[in-house]
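For reference, the chains in residue letters:
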Amino acid sequence: MANVSVSPETFELVNFDAAEITGIAESVAGAVGLGADVAVTIAVDETAMQGKSSSRVEDGGVVIEASGGAFESLRKARDFDEERCRSVLGHALLRARDRLDATFGTPPADGDLGVREEVAWAAYIEGRLQRLGIVQGRPQRRIYHFRVRHGFSDTVDRVFQELWDAEGLTWADIEAQSAEAAGSAVPA
């Protein structure tokens, strides 16, 4: 089980529990295959209510920064939503596991990712998260984003499905599939 720390330890502006977030993160980290030697640091900015998060691999560990809105219920302001938390952490931790896997390759830093590669990687991640039972996959939402970035064609739809269903891809595979989809787009 990964070594998880959450800050702040006590929330004042939102109805979150650091121990609950820690437990979810430990469960998700184990499910995606992060080892016990991986430190996971989660910093929640409870003053920011946008649903934003970012993650990076730093010194062999994972740093996740999230606004309070990333873990907040869409139905009741300031309340914690376990499903949203699990989804945000699942995406962040599986992306980190990919980055820590030498066989995956070396993708650019998140800020340097092209939009097409970003949505291709997100489709690959969410398909795996669904199969692991971490999230209820939303293939229709993801294919919409994929089509908007890659175009509209049967090839685009086929490539999306291949990414969604895939296991064991490398960064080079994701880049190649994204390029294939973009190259097949029907001009607007």
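Here is a short report on the structure shown in this document. Here the structure is a predicted model, which is why all the values come from computation and not from measurement.

1. Re the nonpolar core
Turning to step 1, where the next piece is worked out: Judged by nonpolar contacts, the single largest core of 54 residues is most densely connected at Val 40, Ile 42, Phe 71 and Leu 93.
Turning to step 2, where the next piece is worked out: The contact partners of Val 40, leaving out residues within four places of it in the chain, are Ala 2, Asn 3, Val 4, Ser 5, Leu 34, Val 62, Ile 64 and Leu 93.

2. As for the packing of helix 4 (residues 139-150) against helix 5 (residues 154-165)
Turning to step 1, where the next piece is worked out: Running from N to C, helix 4 and helix 5 point in directions that differ by 130°, and their axes come no closer than 10 Å. With respect to their mutual orientation, helix 4 and helix 5 come out oblique. Crossing geometry of helix 4 relative to helix 5 is assigned as right-handed. In this structure, helix 4 contributes Pro 139, Arg 142, Ile 143, Phe 146, Arg 147 and His 150 to the contact, and helix 5 contributes Val 156, Asp 157, Val 159, Phe 160, Leu 163 and Trp 164.
Turning to step 2, where the next piece is worked out: Along the lines of polarity and charge, the residues of the contact of helix 4 with helix 5 split into eight nonpolar, one polar and three charged.

3. Some words on the sheet that holds strand 2 (residues 39-45)
Turning to step 1, where the next piece is worked out: Pairing is mixed in the open sheet, where four strands are placed in the order 1-2-4-3. Of all the strands in the sheet, just strand 1 (3-7) and strand 3 (53-58) have a single pairing partner and so form its edges. Direction aside, the axes of adjacent strands within the sheet are offset by 15° on average.
Turning to step 2, where the next piece is worked out: Relative to strand 2, strand 1 runs parallel, the two being bridged by five bridges. Pairing of Val 4 across the sheet is with Val 40, part of strand 2.
Turning to step 3, where the next piece is worked out: The strands touched by helix 1 (residues 18-32) are strand 1 and strand 2; relative to strand 1, the strand with the most contacts, the crossing angle is about 145°.

4. With respect to the pattern of salt bridges
Turning to step 1, where the next piece is worked out: A complete count under the given rule lists 15 salt bridges for this structure.
Turning to step 2, where the next piece is worked out: Measuring nitrogen to oxygen at the nearest pair gives 3.0 Å for the salt bridge that ties Glu 167 to Arg 131. Of this pair, Glu 167 sits in the loop between helix 5 and helix 6 (171-183) while Arg 131 sits in helix 3 (residues 115-131), and the two are 36 residues apart along the sequence.
Turning to step 3, where the next piece is worked out: For Glu 167, a relative accessible area of 54% translates into the label exposed.
Turning to step 4, where the next piece is worked out: Between Asp 157 and Arg 147 there is a salt bridge whose closest N-O contact spans 2.8 Å. With Asp 157 in helix 5 and Arg 147 in helix 4, the pair connects residues that are ten residues apart, well separated along the chain.
Turning to step 5, where the next piece is worked out: For Arg 147, a relative accessible area of 25% puts it in the partly exposed group.
Turning to step 6, where the next piece is worked out: Three or more residues joined by partner-sharing salt bridges are found here, namely Arg 95, Arg 99, Asp 110 and Glu 118.

Reading guide: rules and limits
Residues numbered from 1 in each chain as written. Predicted model: local features only at pLDDT ≥ 70, side-chain atom pairs only at ≥ 80, totals over all residues. Heavy atoms only, no water. Core = buried A, V, L, I, M, F, W, Y, C linked by side-chain atoms within 4.5 Å. Buried < 20%, exposed > 50% of the residue type's maximum accessible area, 1.4 Å probe, protein only. Contact = heavy atoms within 4.5 Å. Axes fitted to C-alpha atoms, helices over the stretch in contact; angles between N-to-C directions. Helix = DSSP H or I, 4+ residues; strand = E, 2+ residues; numbered from the N terminus. Parallel < 35°, antiparallel > 145°, perpendicular 65-115°, else oblique. Left-handed = near helix turned anticlockwise from the far one by under 90°. Nonpolar A, V, L, I, M, F, W, Y, C, P; charged D, E, K, R; others polar. Pairing = 2+ DSSP bridges. Salt bridge = Lys/Arg side-chain N within 4 Å of Asp/Glu carboxyl O.

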